[in-house]
Amino acid sequence: MVTDYDRRVWVMVLMLVLECSIKIELVGASPQVSAMFVFGDSIVDTGNNNFLNSIAKANYWPYGCDSPSRFPSGRFSNGKTVVDFMGDMLGIPAPPPFADPATTGPRIGGGVSYASAASGILDDTGRHYGDRFTLSQQVVNFETTLDQLRRMMTPANLTRYLSKAVAFMVFGSNDYINNYLMPSMYPSRYQYSPPDFANLLLNHYARQIVALNSVGLRKFFLAGVPPLGCIPNQLATGQAPPGRCLDEVNNMLGTFNEGLRALASSLNRDHPGSVFVYGNTYGVVGDMLNNPPRFGFRVVNESCCGSGLNQGQITCMPLQAPCFNRNSYLFWDAYHTTESANYVMAQRAYSGPPSDCFPINIQQMASINL
C-alpha cells in the first residue's frame, strides 16, 4: 500500500532527477567560445545595412518568413543564416549588428557582426548600392568595439577573452559579382587577368587579417567563395549551356580559393599562438548542386523568390510570394542560399573533415586553448 509519505518521497526524487538533468543539459550547452566576431557580406549580414543608406537591404517580407519571429531582420535569407546556425552550434547567440545603436555595453559581450551587404575586400566593390561597410571599414569598426571592451575588462581578461573568440570571415563573392563581372561599371576586368585579380584580393585580405590578429583575435575562419557561376543571377544571363553552370565564372575563382587555403597555411606558420582555418565553401555548395537528393533539395537551378529567367533576373521583391516548398530549394533569391542550405554549410564548417575545413574544423578550433 502506497502512503502519502511514499508519494511525497517519490515526488522529491523525481524533482531532484529533473533538476540534475536540467543542470547536465545546461553544462553540455555551455558556450564553446567567448564570442563570435563576424566580418563579411550579405551572406552573413545580420542587419547592418538596415541602418545604412543602401539599396542592398533585406528588411522587408518575405525575407525572414521562416525565422522564429517570421519578421524580416535584415538577413538575406528566408530564415537563419550560416552565422545563426554557427552560434547555435557554438552555444552562443548570433551577434548583433554593429550599426544598431543598441549594440553597446553588455550586448557586445558575445560578439558583434560587422558584415554588410554589397561589401567586398576592395573598397570600390559594391559602390553602386550606396553605403556599406567594406572590409577595411569593418576592421576599423572592430577597433571601436575593442575600445568599449577595454573599458569593460582588465587587460588580462580582455586578452583571454579575445583568445577564446572566433573571427568568422566571409568575403570575396561581391568582388566578383559586384565588381569584376560588371565591366560596364568597374574597370577591374580590363586591368587584371582573373589570376591577377585574385592575387590583388588576397593581398588586400591578408593585410586586414593580420591587422585583426595584431589587436588580439587569435582564431579565424576564412570562408572561400562558392561556385558563383551556379547562382540564379549568373544563370539568368543565359550564357550557360542548358542544365549547366557558367563555367567561365567558376573557373575564375580557383586562384582565389586555392590562394586563400594557402594563406591560411602560411598564417598558421608565421603566427604561432593563432589558428587560421580555411572553409571550402566552393566544395560544400558543389556537393549540394551535384547531389541534391542527399540534402533534400529538388530545385538547384532557380531561386525560391525572384523573377525572370531562372528566377534570377530580378531578385526577391517586397511582398513577393515565395515558393511554397522552400526546404527543397538550394537558392532563396538570385544570390543567396536558403535556410536549409545555410544549415548544411554551417554544419560542415563546424564539424566537417579536412576537405571541408583545413587544417581543422571550427569545433576543433574552439576546443584549443591558446
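What counts and how
- Residues numbered from 1 in each chain as written.
- Predicted model: local features only at pLDDT ≥ 70, side-chain atom pairs only at ≥ 80, totals over all residues.
- Heavy atoms only, no water.
- Salt bridge = Lys/Arg side-chain N within 4 Å of Asp/Glu carboxyl O.
- Buried < 20%, exposed > 50% of the residue type's maximum accessible area, 1.4 Å probe, protein only.
- Helix = DSSP H or I, 4+ residues; strand = E, 2+ residues; numbered from the N terminus.
- Pairing = 2+ DSSP bridges.
- Phe/Tyr/Trp six-rings, centres within 6.5 Å; stacked < 30°, edge-to-face > 60°.

Draft legend 1. A look at the pattern of salt bridges. Scanning the entire structure with this criterion turns up 11 salt bridges. Between Arg127 and Asp124 there is a salt bridge, and its shortest N-O distance comes to 2.7 Å. What makes Arg127 partly exposed here is its relative accessible area of 37%. Ionic pairing is found between Asp147 and Arg150, a salt bridge with its closest N-O pair at 2.8 Å. You can see Asp147 and its partner Arg150 sitting in helix α3 (residues 135–152), three residues apart, about one turn around the helix. Overall, Asp147 belongs to the partly exposed group, its relative accessible area being 39%. Three or more residues joined by partner-sharing salt bridges are found here, namely Asp287, Arg348 and Asp356.

Draft legend 2. Main features of the pairing of strand β4 (residues 275–279). For β4, a buried count of five out of five residues is recorded, marking the element as mostly surrounded by other parts of the structure. Side chains of β4 alternate between two faces, with Val275, Val277 and Gly279 and Phe276 and Tyr278 buried alike. Bridge count between strand β3 (residues 219–223) and β4: five bridges; the pairing is parallel. Bridge pairing links Phe221 to Val277 in β4.

Draft legend 3. Region of interest: the packing of aromatic side chains. Evaluation of the coordinates by the stated rule reveals 18 aromatic pairs. When the centroid spacing of 5.8 Å and the interplanar angle of 75° are considered together, the rings of Tyr63 and Trp332 count as edge-to-face. With Tyr63 in the loop between β1 (36–40) and α2 (82–90) and Trp332 in the loop between β8 (329–331) and α11 (339–351), this pair connects stretches of sequence that are 269 residues apart. Taking the relative accessible area as the measure of exposure, Tyr63 reaches 2% and is therefore buried. Ring centres of Phe168 and Phe221 lie 4.9 Å apart, and the angle between their planes is 25°; this geometry places the pair in the stacked category. Here Phe221 lies in strand β3 and Phe168 lies in strand β2 (residues 166–170), a separation of 53 residues in the sequence. Members of the aromatic cluster, joined through ring pairs, are Phe37, Phe39, Phe98, Tyr114, Phe133, Phe142 and Tyr161.

Draft legend 4. How the structure looks around the pairing of β3. Judged by how many residues are buried, β3 sits mostly within the fold: five of five residues are covered. Residues Lys219, Phe221 and Ala223 line one face of β3 and the alternating positions Phe220 and Leu222 line the opposite face, and both faces are buried.

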